[in-house]
Every structure is written in C-alpha cells, then in structure tokens.
Amino acid sequence: MSEHSLELKGSLFPLSVLHCTDVSVSSLEPLLSAKLAQAPGFFYQAPIVLNLQDCQQVPDFVALKQLFVALKLVLVGVTGASPTIKAAAQDAGLAVLQAGKTASTKANEVPQTAISSQQLAPSTMDSKIVEQTVRSGQQIYAKGADLIIKGAVGAGAEVIADGNIHIYGSLRGKAIAGASGDTSKRIYCFNMQAELISVAGNYWLSDSLQGEFWGKPACIKLQDDTLVISELV
Amino acid sequence: MAKIIVVTSGKGGVGKTTSSAAIGTGLALAGHKTVIVDFDIGLRNLDLIMGCERRVVYDFVNVINGEANLKQTLIKDKRVDNLFILPASQTRDKDALTKDGVERVLTELAKEFDFILCDSPAGIESGAMMALYFADEAVVVTNPEVSSVRDSDRILGMLSSKSRRAEQGLEGIKEHLLLTRYNPERVQKGEMLSVEDVKEILAIELIGVIPESQAVLNASNSGQPVIMDKDSDAGQAYLDTVQRLLGETVPFRFLTVEKKGFIKRIFGG
C-alpha cells in the first residue's frame, strides 16, 4: 500500500470529439439525435469533447450542457476554441483541452454533424502481435491498432481491436474489430468457429455464422451497415 | 535441482488426484525421490487414493504455520521407496495457503526431492493459483468432452500469465496434455471428442491417454495407485505417461477400439 492517500497521475483516455460548424442547440439537437439513433447505447453516457475550431460566436454553453444531459452524453470540455470562447467555456465549468495531434481539420469543413471517435493516440495504425494462442478467459485489446494473432482464439476468449483483426489459427471465441466505431475494419481468420463477431458495433452470434463458412477460412466486413462474410482468397 | 510439476485441470472430477498419485508413484518406481503435495485444502483426497489416510498426523497448513516441521509431516509410502506424501488440511480452507508459506515449503522440499508433484484443487481460485504458481511443468488433465476442454484452455491461460515464470519473464511452464477417461468406442460413435480434436483445440503436447477403466475405480477404493496395477490398461497407460515425462519416446496405446470375438481374432477382422 502506498503511504500517500492522494495521488495525481497523468493518464490518457479515449474521448469522442464532436466536430460541427453550427453549435446552436436548435441545429445541433436534431443532427445529434439522428446520429445517436444509429447506434443506441454505443455512446450512452460517453464523455464528449466539443471541437469549436470553426465556431465564431460564443455558444450558449449552459443550453448545450442541458442538451447533452438530455441526450445521455457527458460534455466534458472544448477544444480548438478562440480565447473568448475558451473563457466562456471555463465559466460554464467545462475543461479546455489541447487539440490532439490527430484532430482532423478536414472533418470540420463537412457541413454536418459528425461524431468521429478519434482517439487522442496517434492515428498511424500500429499492430499488436500475439505470438501464442489466446486461451479461454483471456481478453486482448489492441487500442488504436490492428491485432494479429498467430495462434488460435479459444472458446471464451475475447480479442478486441480498434483496427482489423487477423487470426492465423481457429477463431472459437469472440472477435470485435473497429471497436471505436470504424466501419471500414475487418476480421480475417483461418478457421471460423466464432462465438461472436462484431465490426463497429454490428455483431453476429455463432448461430448466424453456421453454414457455408463454418470451420473455413473467412473474412468479415461491414457493407451498408450489414455484416458480410466471404471466402478468404 | 528439483522439478516442480503441477497436476491441474480447472474442472473438477476429471482425475487430477488419481493422476497425481499414479504419476508420483511411477516417478518413484523409476528411482526418483518424489513427494506429492495435496493442495486441495479442506477437501483432502490424496491420502485416500494413496491409502495412507490413517497415518495423517500433521498437514501442509501446519507446516506453513510453523506448527510442525516437514520431517514430522511427510508420510512415507509403505510400498514404494522414494515416495512421500504431504497431506492437505481437512479442517481449514484454501485461504490458509500463503504465497510466502508455500514458497518456503517448496524450497525446503526442493533440497531433498527430485520431483515435487503439486495436486491442484479444481477451479481457478487462490488454491489452484497457489498450486501452479511455482511450477516448472504442468500436467493438464482433461476429459474428452467440451466443458473439460474449455476449462483446461482457461487453466492454460493462467499458466502462461499468472505463474511465477510468467511474472518474472522466465521461460514459460512446460505444458503437457493428459487425456483421461478415454473411451475409443464412444469416440467412434461420435459421443466423445477424439485425441486429435482435443489436441487441435488445446494445441499443447500430448503426454498420455488413459483409457476409461474399471481398474481406476478399484484402485481408488483400495487405496492403491492404479499405476501399481500393472496388468490393467490404465496402469500401463500411466507407466507410459511417466516414461514420456522423463523424456522417453513411447508409442501411444489404447487409442483404438479393441477387436473382440474369437472369429475376429483368428481372421484378423
């Protein structure tokens, strides 16, 4: 046990950043509700940072906070704000965050609300490599990275990645790719016998996997919000 | 240098204690000074299987607590030289084992013995963790059915992450698969997983296949390790297993259905 009863330590957390051009409650409310309706539960009570890079006027932070509470989101702070807006945000009790190096500037030019789950980690996709078999009960998470597993994934094991998942043995457990919402990610495995597969929140249980590709090499991707399984050629 | 081998499985009732008794006896018969340590505190069984239940005076927990020394506590087997048993306590629970205490006892045993066989309790809680923590090798006892295989997979994960060797970044525990209660007839009928199925799922080296046998039950009831019943199939399979554990190459037996009947024997049908 530490002798200190109090400790302050720096940590990095994944936060969703909301990029939008018009932050008035009236225009944000319908757009944000529609976005959340696509994946109910996925952003439930998620901490959100508001990117105010393109925002000229000082937004009504009190009303914004109420909107976020109503939508079951937690507004934790703002980023990219001008000095006046910064001061207003701080008055409203919000944190002012330094923009992460990865904060995409392009996204702001798109004239619509887009929640991008950019992490504060570097955007270059790393790979996490697991040399052995993942056993039942083990959980492996490749944060902001692809996950490559040389062995098998046992029944009751879970492999999760923000990127793609490659399994060179049998997949008997759960595989969750695009865990932070990236719909372009895929799962590749040499022998498909999974309990569950998921890409960006869309999932199939093993019942849906029985059939042509069961026990065979397969690739799973997301096409028009539907999972598609295909041969691994 | 003593070798510490844990006999473990995750699932209960698959034959850990039977296998510990048989393998320990086999190692001693081969001339190696061996002690079998019962880690199943509160559910002591090893003494019954070894037929020494009336000779238990002190136990493992007494030694850890310093209430008795090892010399007083170890029970020498009456049939086999070089074979000793360290019984578990029946009146305590698994929390009586501490990592420091277990390490102290194992270190002391290591000075005297060639092999220390740790008979693990079922489960993945502290008792089982204590039994596997200090191991150099592991015998993972598995029945050819899905729940046992999954539990073994879980224990294999523990061996590679929660053991001393894993924590200190040493060379990993050497893992061996021991398939027990194997019934080739039921495998043929598709009622049981085959050796190949289990090997494919667990992906570790096979050290033995023990056929389902009445001899095992008889042995338990009479308090004599089944390996001493040299005429039985199970006894012979354990003898093979011990030889493999000692590094010899022995072909696997009892994997196929025995041919039956006079006509078949004559004509080789």
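Described below are features of the structure shown in this document. (Residues numbered from 1 in each chain as written. Chains lettered and ligands numbered in written order. Predicted model: local features only at pLDDT ≥ 70, side-chain atom pairs only at ≥ 80, totals over all residues. Heavy atoms only, no water.)

1. Some points on empty space enclosed by the protein
Residues and elements named next belong to chain B.
- Scanning the entire structure with this criterion turns up two cavities of 30 Å³ or more.
- Of the pockets and cavities examined, the largest cavity occupies roughly 40 Å³.
- What lines the largest cavity is simply T18, I49, V216, A219, S220, Q224, P225 and V226.
- With three residues, the single largest contributor to the lining of the largest cavity is helix α11 (residues 214-222). (1 Å grid on protein atoms, 1.4 Å probe; cavity = no way out; pocket = protein on both sides within 12 Å on 5 of 7 lines; lining within 4 Å. Points joined across faces, edges and corners; volume = space filled by probe spheres on them. Helix = DSSP H or I, 4+ residues; strand = E, 2+ residues; numbered from the N terminus.)

2. Points about helix α12 (residues 233-245) of chain B
Residue and element names in this part refer to chain B.
- Helix length check: α12 (13 residues) gives 18 Å between terminal C-alpha atoms against 18 Å at 1.5 Å per residue, within 8%.
- Regarding α12, the residues found buried are A234, G235, A237, Y238, D240, T241, V242, R244 and L245.
- Structurally, α12 contributes buried residues whose contacts are with β1 (3-8), α1 (16-29), β6 (137-142), β7 (174-182), β8 (205-211) and α11.
- Positioned one or two residues after α12, G247 has a phi angle of 100°, which is positive. (Expected span 1.5 Å × (residues − 1). Buried < 20%, exposed > 50% of the residue type's maximum accessible area, 1.4 Å probe, protein only. Contact = heavy atoms within 4.5 Å.)

3. Side note on the sheet that holds strand β7 (residues 139-142) of chain A
Residue and element names in this part refer to chain A.
- Read across the sheet, five strands follow the order β7-β9-β11-β13-β14 without closing on themselves; strand pairing throughout is mixed. The open sheet has two free edges, formed respectively by β7 and β14 (202-205), since each of these has just one partner strand. Direction aside, neighbouring strands of the sheet carry axes that sit 5° apart on average.
- Bridge count between strand β13 (residues 196-199) and β14: four bridges; the pairing is antiparallel. Within β14, the residue paired with S198 across the bridge is Y203. (Pairing = 2+ DSSP bridges. Axes fitted to C-alpha atoms, helices over the stretch in contact; angles between N-to-C directions.)

4. Remarks on the nonpolar core
Residue and element names in this part refer to chain B.
- Within the largest apolar cluster, 52 residues are counted, with the highest numbers of intra-cluster contacts made by F60, L86, L109 and I116.
- Once residues within four sequence positions are removed from consideration, L86 is found in contact with V35, I36, V37, D38, F60, V63, L70, T73, L74, V105 and L109.
- Grouped together as the second largest cluster of nonpolar side chains are 34 residues, I75, V141, A234 and L245 included. (Core = buried A, V, L, I, M, F, W, Y, C linked by side-chain atoms within 4.5 Å.)

5. Considering the sheet that holds β7 of chain B
Residue and element names in this part refer to chain B.
- Across the sheet, eight strands lie side by side as β3-β4-β2-β5-β1-β6-β7-β8; this open sheet has mixed pairing. Of all the strands in the sheet, the pair left with one neighbour each is β3 (75-76) and β8.
- Bridge count for strand β2 (residues 34-38) against strand β5 (residues 115-119) is five bridges, and the pairing is parallel. From the neighbouring strand, D38 faces β5, where its bridge partner is D119.

6. Let's talk about the interface of chain A and chain B
- Of the residues lining the interface, ten residues belong to chain A; the matching set on chain B comes to 13 residues.
- Each partner contributes to the roughly 850 Å² buried at the junction of chain A and chain B, and carbon and sulfur atoms together form 37% of this total.
- Looking only at chain A, the three residues that lose the most surface to chain B are R135, S136 and R172 of chain A, adding up to 61% of its buried area.
- On inspection of chain A and its partner chain B, the count reaches three salt bridges.
- A salt bridge links R135 of chain A to D153 of chain B; the nearest nitrogen and oxygen atoms lie 3.0 Å apart. (Buried area = accessible area lost by both parts, 1.4 Å probe. Salt bridge = Lys/Arg side-chain N within 4 Å of Asp/Glu carboxyl O.)

Worth remembering: the numbers are spatial, not functional.
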